Each structure stands twice: as structure tokens, then as C-alpha cells.
Amino acid sequence: MDHRPPGYGTTARILHWLVAALILAMIPVGLVMVRDGLDRALGDALYLFHKNVGAALIALVALRLIWRLTHRPAPLPDSLPGWQRAAAGLSHLALYALLIVMPLSGYVRVRAGGFPIESLDALGLPTLVPRSEPLADAASALHEAAAWALIALLALHVAAALHHAVIRRDGVWARIWPPRGR
Ligand code: HEM
Ligand code: HEM
């Protein structure tokens, strides 16, 4: 018998927490690596991590989107007011949009600037954008603005999750945690 609480399937849970862990590492690494006066070796290591984990996120987010579009989660509990359902739907949609914009704008910024992405280069994958400073600058501005939007939305997302887990205790937290279910 399946004792797993209803909600998201095991694959959706694993994808949520794997992507979450990587994003929660990418944000501080990104914010630190752009600081002036950073030790050169540390800066290089952080850029290496950021570019290559970011490239892996393009594939993970694509997988997650395909999975989500083909596997609908069970409905939210009836006790949840309509406005909170709407807020959850809208904020999740915005999170997905930022999950697409962040790695793609990062990719364009690096490639248009003429820089390597070591993992993709090792796989022999060609560069998909032309070398262009204006394009690199535009992608950089978008990447930074989207990063702040993501940070703000994540603060809301985590606060809402904690509210469900600790105060409401309405089963919403159990819909996505624990990753392995039973
Ligand atoms: C500590 C960090 C996090 C916590 C506590 C958390 C918690 C949750 C919870 C409880 C849900 C289930 C909501 C429901 O039942 O409908 C959820 C869904 C979701 N989370 Fe997170 N999350 C975290 C990090 C993240 C991160 C970093 C992202 C991506 C940037 C993210 C994106 C999403 C999305 C898009 C959904 C909606 C899933 C769907 O319906 O397809 N979460 N999260
Ligand atoms: C979801 C994935 C990603 C997140 C959350 C993220 C987050 C961030 C953050 C917070 C910053 C600092 C913002 C600033 O003040 O400029 C940053 C900068 C940067 N990111 Fe990302 N990033 C992601 C993906 C990528 C990818 C895939 C690449 C390249 C392959 C990349 C390349 C860069 C570069 C080069 C910078 C330095 C800013 C610049 O020179 O324009 N990022 N990122």
C-alpha cells in the first residue's frame, strides 16, 4: 500500500529539492563572485562552479518542466482560501519563468561575451549565440534584475511553505516533503 501523502510524485519531489539546493547555492556564489577585490583564485573557482552548475540547471529545469506538464499534482486542500490558491498558482508560475530566464540569460551573457563554459565545451556543444558586447551587456542586466526578483519571490515562497508547515499544518508541506515519500 502507498502511505505517501497525496501531492507531488516522487520524481517531482526529487526534482524540486535538487533544483532548490542548486539554486540556493547559485545565488550566494553569484553575489560573491561579482564583488570587486575578490581573491583571483577564489573568483575563478566561483565562476567555474556558477557557469557549469548553471549549465546543468538548464537541463534539469527543462526536465522539470516536461515532468510538470505531463504530471499534474493532486489539488490543494479544500481548507485553503481562494486567494491563497491564486497566489500559489501565480507565484509558482513566476518561479518557473525565472527558472527559465536565469540560466538562459547567464548562458547568453557568457557566450556573447566570448567566454568558455567548460562542461559544454568538453561535450563539444557549439556556442548558440553570436559574439556581441551589446548582447552580453543586455543579458547581464537581465540576469541581475531577474536574480533580485527571484530572491524576493523565494523569500515569499519559503515563508509561505513555513507558514503551512508550522502554523497551518494543513498537509501542504507534506505534498512535497519528504522527497522519498513513504
Ligand atoms: C528552502 C527552500 C524551499 C522550500 C521550503 C520550498 C517549499 C515548497 C513547497 C511546500 C511546495 C508545495 C506547494 C504546493 O503544494 O503546491 C513548493 C512548490 C514549488 N516550489 Fe519550492 N521550496 C523551496 C525552494 C524552492 C526553489 C529554490 C524553487 C525554485 C526557484 C522552488 C520552486 C517551486 C515551484 C515552482 C513549486 C510549484 C511546483 C508545481 O506545482 O509544479 N522552490 N515548494
Ligand atoms: C538558475 C540559475 C542561476 C542563478 C540563480 C544565477 C544567479 C546569479 C546571481 C545572483 C548573480 C549576481 C548578480 C549580479 O549582481 O550581477 C549572477 C551573476 C552571474 N551569472 Fe548567474 N545565475 C544562474 C545561472 C547562470 C548561468 C547558466 C551562467 C552562465 C553559464 C551564469 C553566469 C553568470 C555571470 C557571468 C555572472 C556575473 C555577472 C556579469 O558579469 O554579468 N549564471 N548569477
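Quick look at the structure, then. (Residues numbered from 1 in each chain as written. Chains lettered and ligands numbered in written order. Predicted model: local features only at pLDDT ≥ 70, side-chain atom pairs only at ≥ 80, totals over all residues. Heavy atoms only, no water.)

**Some points on the layout of surface pockets**
Argument step 1. Counted as a void, the largest pocket has a volume near 1500 Å³.
Argument step 2. Surrounding the largest pocket, 50 residues form its lining, Y8, A88, H92, L95 and H157 being those nearest its centre.
Argument step 3. Mapped by element, the contributors of at least two residues to the lining of the largest pocket are α1 (10-33), α2 (40-70), α3 (82-112), α5 (133-168) and α6 (172-176).
Argument step 4. Residues of the lining of the largest pocket, tallied by class, amount to 34 nonpolar, 11 polar and 5 charged.
Argument step 5. When its volume is computed, the second largest pocket comes out at roughly 880 Å³.
Argument step 6. As for the second largest pocket, its lining consists of 32 residues, of which G30, M33, V34, H50 and H143 are closest to the centre.
Argument step 7. When residues of the lining of the second largest pocket are traced back to their parent elements, those giving at least two are α1, α2, α3 and α5.
Argument step 8. The element contributing the most residues to the lining of the second largest pocket is α2, with 8 residues.
Argument step 9. Residues belonging to the lining of the second largest pocket are distributed by class as follows: 23 nonpolar, 6 polar and 3 charged. (1 Å grid on protein atoms, 1.4 Å probe; cavity = no way out; pocket = protein on both sides within 12 Å on 5 of 7 lines; lining within 4 Å. Points joined across faces, edges and corners; volume = space filled by probe spheres on them. Helix = DSSP H or I, 4+ residues; strand = E, 2+ residues; numbered from the N terminus. Nonpolar A, V, L, I, M, F, W, Y, C, P; charged D, E, K, R; others polar.)

**Digging into unusual backbone geometry**
Argument step 1. Following W177, the chain continues into P178 via a peptide bond in cis, with omega recorded as 0°.
Argument step 2. Here P178 is to be found in the segment after α6.
Argument step 3. Not every positive phi belongs to a glycine, and R169 is a case in point at roughly 45°.

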